Amino acid sequence: MALTLPTPTEPLKIGTRGSPLALAQAWETRARLAEAFALEEVAFEIVVIKTTGDRIQDRPLKEVGGKGLFTKEIEEDLLSGAIDIAVHSMKDMPVAQPKGLLLDTYLPREDVRDAFISPHGSSLVDLEAGATVGTSSLRRRAQLLNARPDLNVVEFRGNVQTRLRKLEENVAVATFLAMAGLKRLGMTDVPATPIATEEMLPAVAQGAIGIERRAKDTRAAEMLSAIHDQATGQRLLAERAFLAALDGSCETPIAGLAEIGGGIITLRGEILRVDGADRLAEVSSAPVEDAKALGKTLGKYLKSAAPNGFFDWK
Ligand SMILES: NCc1[nH]cc(CCC(=O)O)c1CC(=O)O
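Note that the structure is a prediction, hence the values are computed from the model and not measured.

### Thoughts on the overall build of the protein
Stage number 1. The secondary structure content of the protein amounts to ten helices and 13 strands.
Stage number 2. In terms of C-alpha radius of gyration, the protein reaches 20 Å, essentially the compact-globule figure of 20 Å for 314 residues.
Stage number 3. Judged by the C-alpha coordinates and their principal axes, the protein covers about 65 × 45 × 35 Å.
Stage number 4. Each of the 314 residues in the protein was classed as buried or not, and the buried ones make up 50%.
Stage number 5. Across the protein, every contact between residues at least 6 apart in sequence was considered, and the portion connecting residues at least 24 apart equals 69%.
Stage number 6. Only carbon and sulfur atoms are counted for the fraction: they give 51% of the accessible area of the protein, which is about 14600 Å².
Stage number 7. The centroid of the 38 positive side-chain charges in the protein is displaced by 4 Å from the centroid of its 43 negative side-chain charges.

### Digging into the site of the ligand
Stage number 1. What surrounds the ligand is the set Leu21, Ser89, Lys91, Asp92, Arg140, Leu177, Ala178, Gly181, Arg184, Gln206, Gly207 and Ala208.
Stage number 2. Lys91 is positioned such that a nitrogen or oxygen atom in its side chain is 2.6 Å from an oxygen atom of the ligand.
Stage number 3. Summarising the interface, the protein chains cover 85% of the accessible area of the ligand, which totals 400 Å² for the free molecule.
Stage number 4. Within the residue set of the shell around the ligand, elements represented by two or more residues are strand S8 (174–178) and helix H7 (179–184).
Stage number 5. In terms of residue class, the shell around the ligand is made up of four nonpolar, four polar and four charged.

### Thoughts on the layout of surface pockets
Stage number 1. The volume enclosed by the second largest pocket comes to roughly 380 Å³.
Stage number 2. Counting only elements with at least two residues in the lining of the second largest pocket, the list comes to helix H5 (138–147), strand S9 (192–194), strand S12 (264–272) and strand S13 (279–287).
Stage number 3. Here the lining of the second largest pocket is built from residues that sort into 13 nonpolar, seven polar and six charged.
Stage number 4. Residue-level mapping places the lining of the second largest pocket at the junction of two domains, with at least three residues from each of domain 2 (114–194) and domain 3 (240–305).

### Looking at the sheet that holds strand S3 (residues 85–89)
Stage number 1. If you trace the five strands from one edge of the open sheet to the other, you get S2-S1-S3-S10-S4, paired in mixed fashion. Because the sheet does not close on itself, it has two edges, and the strands there are strand S2 (44–48) and strand S4 (101–106). On average, each strand axis in the sheet is tilted by 30 degrees relative to the strand beside it, whichever way the strands run.
Stage number 2. The pairing of S3 with strand S10 (residues 209–214) spans five bridges and is classified as antiparallel. Bridge pairing in S10 places Ile85 opposite Arg213.

### Quick look at the packing of aromatic side chains
Stage number 1. Scanning the entire structure with this criterion turns up one aromatic pair.
Stage number 2. The interplanar angle of 70 degrees and the centroid separation of 5.6 Å between the aromatic rings of Phe116 and Phe176 together place this pair among those described as edge-to-face. Here Phe116 is found in strand S5 (residues 114–117), whereas its partner Phe176 is found in strand S8, with 60 residues between them in sequence.
Stage number 3. We classify Phe116 as buried; its relative accessible area is 2%.

### Description of helix H4 (residues 72–80)
Stage number 1. Residues of H4 that are buried include every one of Glu73, Ile74, Glu75 and Leu78, and no others.
Stage number 2. Where H4 is buried, its residues touch strand S1 (12–16), helix H2 (52–55), S3, S4 and S10.
Stage number 3. Backbone geometry just after H4 places Gly81 at a positive phi near 90 degrees.

### Structural notes on the nonpolar core
Stage number 1. The biggest cluster of nonpolar side chains holds 25 residues, and the ones touching the most others in it are Met90, Phe242, Ile265 and Ile271.
Stage number 2. The set of elements that each furnish at least two residues to this core consists of S4, helix H9 (230–245), strand S11 (254–261), S12 and helix H10 (291–305).
Stage number 3. Each of two domains, domain 1 (12–107 + 208–228) and domain 3 (240–305), supplies a minimum of three residues to this core.
Stage number 4. Each residue touching Phe242, except ones within four places of it in the same chain, is listed here: Val204, Ile254, Ala255, Gly256, Leu267, Gly269, Glu270, Gly295, Lys296, Leu298, Gly299 and Leu302.
Stage number 5. Phe44, Leu107, Ile209 and Ala220 belong to the second-largest nonpolar core, a separate cluster that totals 18 residues.

What counts and what doesn't
- Residues numbered from 1 in each chain as written.
- Predicted model: local features only at pLDDT ≥ 70, side-chain atom pairs only at ≥ 80, totals over all residues.
- Heavy atoms only, no water.
- Helix = DSSP H or I, 4+ residues; strand = E, 2+ residues; numbered from the N terminus.
- Rg over C-alpha atoms; globule rule 2.2 N^0.38 Å.
- Buried < 20%, exposed > 50% of the residue type's maximum accessible area, 1.4 Å probe, protein only.
- Contact = heavy atoms within 4.5 Å.
- Areas by Shrake-Rupley, 256 points an atom, 1.4 Å probe, with all protein chains shown as cover.
- Lys, Arg positive; Asp, Glu negative; His and termini not counted.
- Charge placed at Lys NZ, Arg CZ, Asp CG, Glu CD.
- Near = heavy atom within 4 Å.
- Polar contact = N/O pair within 3.5 Å; in protein donor to acceptor, adjacent residues only side chain to side chain.
- Nonpolar A, V, L, I, M, F, W, Y, C, P; charged D, E, K, R; others polar.
- 1 Å grid on protein atoms, 1.4 Å probe; cavity = no way out; pocket = protein on both sides within 12 Å on 5 of 7 lines; lining within 4 Å.
- Points joined across faces, edges and corners; volume = space filled by probe spheres on them.
- Domains from an automatic or database assignment.
- Pairing = 2+ DSSP bridges.
- Axes fitted to C-alpha atoms, helices over the stretch in contact; angles between N-to-C directions.
- Phe/Tyr/Trp six-rings, centres within 6.5 Å; stacked < 30°, edge-to-face > 60°.
- Core = buried A, V, L, I, M, F, W, Y, C linked by side-chain atoms within 4.5 Å.

Next up, the structure:
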């Protein structure tokens with residue numbers, strides 16, 4: 001069956017959140033699809049969707065609770081046909097999708113590293129004892145406290161722009177952001193220094209854009225297969241299986257990164273107590289074809305290696 005390409009009257013509707021980073025990712029997806037099928041921009045419609053997570057700005061999201069705060073409305077719009085594909089930061093995506101939806105297309109991965117952001121220095125060692133740093137990420141908080149128990153870690157929510165403004169207002173002397181976000185936003189004027197992954201292991205799927213679709217939508221499936229990056233897919237298969245095996249729903253600080261070389265995939269994984277007092281890390285390799293099993297096995301291993309009480313911190 002021939003593929004019916006989208007037209008200005010029957011465009012491919014691309015759903016996205018409205019933050020500058022989300023929009024940049026939606027535009028990148030549109031550009032890659034337009035290029036792959038020699039289409040004009042008018043063959044696509046970008047639909048901005050406001051999610052519960054976007055609406056709640058005044059309190060920490062972990063207090064609001066619930067899964068998929070940033071994805072529920074978008075997935076409902078996919079299922080209803082209001083949009084055809086949805087572009088996501090994979091780092092923010094639950095490990096399982098609702099029935100009827102598939103999330104198996106990935107763009108080539110950006111820089112996976114975290115960045116140290118501060119006008120006062122270029123790494124953790126530059127910070128004075130007891131310095132105040134801002135982050136809303138449980139993982140970064142635990143990793144920071146593990147490396148520097150003296151630090152005062154304060155909640156730093158909001159998009160990239162909001163966090164940088166808080167730095168300028170001296171709410172904290174340093175913060176941490178994904179290099180991928182800064183690069184996609186073209187923010188080259190930010191005082192950012194990349195942190196080696198050996199020093200701060202990134203979040204599972206950091207730097208990866210994923211595109212979700214209806215399982216039965218053959219037009220979307222065919223179009224997305226043209227822009228899928230296989231290596232990113234294999235790496236995320238391992239990382240997300242790792243997260244799933246650790247029960248990604250629990251709010252334990254988890255880090256994981258898979259890398260591929262010579263047909264072998266190597267996965268580093270790490271779990272921490274939320275106060276940073278304990279850290280368990282392990283690394284394992286397998287043939288690329290076994291990416292998913294590798295992730296599952298490493299996740300299960302770390303889960304079983306965690307002492308009683310490791311996950312109970314509330
Ligand atoms: N949780 C927010 C979020 N989700 C994805 C990114 C950055 C881009 C990426 O990792 O793909 C960010 C911001 C950050 O951590 O700096």
